[in-house]
Amino acid sequence: MQTFDVIIIGGGWAGLTLARQLKLEQPALKIQVLEARQGFASKVGEATVEMTGHYFLKRLGLVNYLYRRHLPKNGLRFFFDSPQHDRPLEQLSEHGTTAIPPHPAFQLDRARLEEDLMQMNREQGIEVLQGAKVVGWTVAEGQQKHQLSYQYQQQEYTHQAKWVVDCSGRHRVARKHQKLHKLDNVPQNFAAWGRFKDIQDIDSLGSAQWRQKAFGRFLSTLHFTGDGYWVWFIPLSGGYTSVGIVGEQAKFERWPKKQDEFLHFLNQHSAIKELLHGAELIDFEAWGQLAYRADEFLFRDRWATSGFAAMFLDPLFSGGGDVIALLNDAISQQIVMDFNEPDDDIANQRLAQQVPQYNQMAKEFYQGLYAHIATIYPVLDSAELANAIAAYNTSAYFVEIAWDYMADHYRDLEYWQRKSYLRRGYMALELMLQRQILSARHTMLQQDRYFDRNHEGFFESGADHYKYFVYLMGQSGRDGWRIDLRVKLFTEVFLRITQAKLDLPNLAHRRVVQQCFTLVDILKAPLFDEQDLPQLLCRLGEKISQWVSEQSDNEFQVTVERHSFHSNQVVVTSDTDVTQQQLDKAQHLANQLWQQTDEFIAMPSMVPVFLAFAREQPDAIMDSVVDQRLLFDPAHHHTHEQADTATDDVEVAL
Ligand SMILES: Cc1cc2nc3c(=O)[nH]c(=O)nc-3n(C[C@H](O)[C@H](O)[C@H](O)COP(=O)(O)OP(=O)(O)OC[C@H]3O[C@@H](n4cnc5c(N)ncnc54)[C@H](O)[C@@H]3O)c2cc1C
């Protein structure tokens, strides 16, 4: 029986990156990776975001490798269609980058990645066996070692290890020993996908004017959205394009689980049809219930889970790789600490102290990502609402999650504990925003305005929102400034959603509104509605009156009406004796002030307001139901029995 320091079950994304990370962080570790499959096949999960990019570049040192063997990613790109999905690509409204963003992310060819990583692992001195299927695992207790049996070349072997990490994907070897996974409070989404050969080059389609708006659209993860679903396009360096549908089960009577249904569904969308013209489907796969959660991924008995084997949320915003980065960091930190500590009692004490904290961190990370996606799913098909939230989510991701990761804050448990009240505050804001979005959706559908901006063909650059701070990401010690940014982002998007809900053009970007409608006001009226409007109009009028009077020799009263948002005009009067010329001048000035727009202005005075609000939030908010439709809308509530069966259905056949 051979003995290893670490045995990793499964040589996929999670297992192979963890093995490399461990060996880089502690070269003396004796590591074995057992992979059941022979050969390499395409796998789902191909687009990375910036936190994962950072993990690959900084932790794994793979910068040269990734740029040579895979494709750089040009951010996320959303296209919004008419409800009939009958518009040509060029007429769809679009949210996306104009050029490749500064923090690297990649489109990964999974078969190539795993083949290359396996080779690199072997060169590092890691023992990697292919065709080795783990069939038994006796979990160690106390100071004993784990015993692991596997079949390899028609023989059964048993090895022992101080640490075992289950990276066996959705097969989840560890669940045979522990009921780890739960289906309550998770998205109930399915996916169907395949790889296509010879799709049309998006950068050669459309008019010259349309092409000029953005460069390298093909390098983005494209999202075509519909009611409760979205379709991805991801380019792969091997020449194929990955195309998939992710949808909410509750929105489909029958979701497209067969190849012909999949193709039929895609071809019902004119713009997608344009891209697929002449393309050939190479392979196809479909999974039912995608998401499951777990309270623990790390155990004091020296075992852990990572990747699909640990938990999975949803493909939207490509967070799978981020979860792997977070979990692998924690696992490798514990293993290396344990290996370097000669005194087992001290190591055990540290494990006892740190393991629960890392588990809590993973749980909160999952909840945070879930809150982000739950906010956008209900309005994916509205250009006006989804565009605002996509901009907000991306920026919030950079200011919060990715920034903390790049600054190594997730590896600093003391920092992470100290900041827990901030996460509670952000979660409370997110839930508040979600309620306003659901309310906006309801109002706009009732008033037949919900799709108005979908096929307008507008282009919004996603980068506009984060261009000011993105170069500073990863620095420590700027928390006050980050809180200011985060609160500003929230306020801006809240105003944009309210603008759409109440049909108040340019509400969010009028300078006077930004001064009169702050976080303080939102906290007082979190579902800001028609009945709250008169009070705001009054305040806006008073503010402009004050500005106009300050710049004149006379007193003027400015009245802002609902109509002023559409006409861009306000009404100016004066109780004092003024000439017509003075009145005209004041009128001109008041209109100018009313029309003055601004990118979102700094409001450092809101930081203490937010901090007080955050400190009031209970710990339990981190466990709250983050898709609030589940609370109100029975149509979105599948029973757990249904979902459970669906998850078992997708177990990987080996
Ligand atoms: C529809 C969809 C789209 C996604 N899109 C993205 C995306 O764009 N970006 C992103 O970051 N993430 C995405 N994800 C998530 C991403 O796919 C996963 O995070 C990632 O693939 C998980 O890798 P893994 O190593 O855990 O699992 P896998 O890559 O499945 O590896 C598990 C390995 O374990 C092996 N194995 C299983 N059982 C045994 C056994 N008994 N013994 C030995 N070996 C065994 C298997 O053969 C397999 O090779 C997506 C997920 C889904 C469902």
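Residues numbered from 1 in each chain as written. Predicted model: local features only at pLDDT ≥ 70, side-chain atom pairs only at ≥ 80, totals over all residues. Heavy atoms only, no water.

The chain appears in an unreviewed UniProt entry as Halogenase from Bacterioplanes sanyensis.

Colleague: Honestly, the overall build of the chain in this entry has me stumped. Any pointers?
Modeller: A count of helices and strands for the chain gives 21 helices and 22 strands. With the C-alpha coordinates aligned to their principal axes, the bounding extent of the chain is approximately 100 × 60 × 45 Å. Expressed as a percentage of the 654 residues in the chain, the buried residues total 60%. Excluding contacts between residues fewer than 6 apart, the proportion of contacts in the chain whose partners are at least 24 apart in sequence is 77%. (Helix = DSSP H or I, 4+ residues; strand = E, 2+ residues; numbered from the N terminus. Buried < 20%, exposed > 50% of the residue type's maximum accessible area, 1.4 Å probe, protein only. Contact = heavy atoms within 4.5 Å.)

Colleague: Would you explain the site of the ligand in this entry?
Modeller: Near the ligand lie 37 residues; those nearest to it are Ala 14, Glu 35, Ala 47, Arg 110 and Gly 321. Here an oxygen atom of the ligand sits 3.1 Å away from a polar atom, N or O, in the main chain of Trp 13. Between an oxygen atom of the ligand and a main-chain N or O atom of Gly 321, the distance comes to 2.7 Å. Burial of the ligand by the surrounding chains reaches 97%, relative to a free accessible area of 1,000 Å². For the shell around the ligand, the secondary structure elements donating two or more residues are helix 1 (13-25), strand 2 (31-35), helix 4 (110-123), strand 8 (132-138) and helix 8 (320-340). (Near = heavy atom within 4 Å. Polar contact = N/O pair within 3.5 Å; in protein donor to acceptor, adjacent residues only side chain to side chain. Areas by Shrake-Rupley, 256 points an atom, 1.4 Å probe, with all protein chains shown as cover.)

Colleague: Looking at this model, I keep getting lost on the environment of Ile 522. Mind explaining?
Modeller: The residue Ile 522 is located in helix 15 (residues 519-524) in this model. With near-sequence residues (within four places) excluded, Ile 522 lies in contact with Met 432, Phe 490, Thr 491, Phe 494, Leu 495 and Phe 517.

Colleague: Explain the packing of helix 1 against helix 4 here, please?
Modeller: Geometry of a packed helix pair, given as the angle between the helix axes and the separation of the axes. Look at helix 1 against helix 4: their axes get within 10 Å of each other, and the N-to-C directions meet at 30°. The angle between helix 1 and helix 4 places the two elements in the roughly parallel class. In this structure, helix 1 meets helix 4 at a crossing whose hand is left-handed. Contacts between helix 1 and helix 4 pair Trp 13, Leu 16, Thr 17, Ala 19 and Arg 20 from the former with Arg 110, Glu 114, Leu 117, Met 118, Met 120 and Asn 121 from the latter. (Axes fitted to C-alpha atoms, helices over the stretch in contact; angles between N-to-C directions. Parallel < 35°, antiparallel > 145°, perpendicular 65-115°, else oblique. Left-handed = near helix turned anticlockwise from the far one by under 90°.)

Colleague: Honestly, the packing of helix 1 against helix 2 (residues 50-59) in this entry has me stumped. Any pointers?
Modeller: Between helix 1 and helix 2, the least distance of the axes is 11 Å, while the angle of their chain directions is 35°. For the crossing formed where helix 1 meets helix 2, the hand is left-handed. On the side of helix 1, the interface is formed by Trp 13, Thr 17, Leu 18, Gln 21, Leu 24 and Glu 25, while helix 2 contributes Thr 52, Tyr 55, Phe 56 and Arg 59. Looking at the contact of helix 1 with helix 2 residue by residue, the classes come out as five nonpolar, three polar and two charged. (Nonpolar A, V, L, I, M, F, W, Y, C, P; charged D, E, K, R; others polar.)

Colleague: Which parts of the structure should I look at to understand the state of the cysteines?
Modeller: One covalent bond between the sulfur atoms of two cysteine residues makes up a disulfide. The full count for this structure, using the stated rule, is zero disulfides. Lacking any disulfide linkage, Cys 516 is separated from the closest cysteine sulfur, that of Cys 538, by 11 Å. (Disulfide = S-S within 2.5 Å.)

Colleague: Sorry, what's going on with the pattern of salt bridges here?
Modeller: For side chains bearing opposite charge, pairing can occur when the charged atoms are close. Across all of its chains, the model carries 39 salt bridges by this definition. We note a salt bridge from Arg 562 to Glu 530, for which the minimum N-O separation is 2.8 Å. Remark: Glu 530 occurs in the loop between helix 15 and helix 16 (533-550) and Arg 562 occurs in the loop between strand 21 (557-559) and helix 17 (564-567); sequence separation between them is 32 residues. When salt bridges with common partners are traced through the structure, they connect Glu 25, Arg 59, Asp 329, Asp 408 and Arg 411 into a single cluster. (Salt bridge = Lys/Arg side-chain N within 4 Å of Asp/Glu carboxyl O.)

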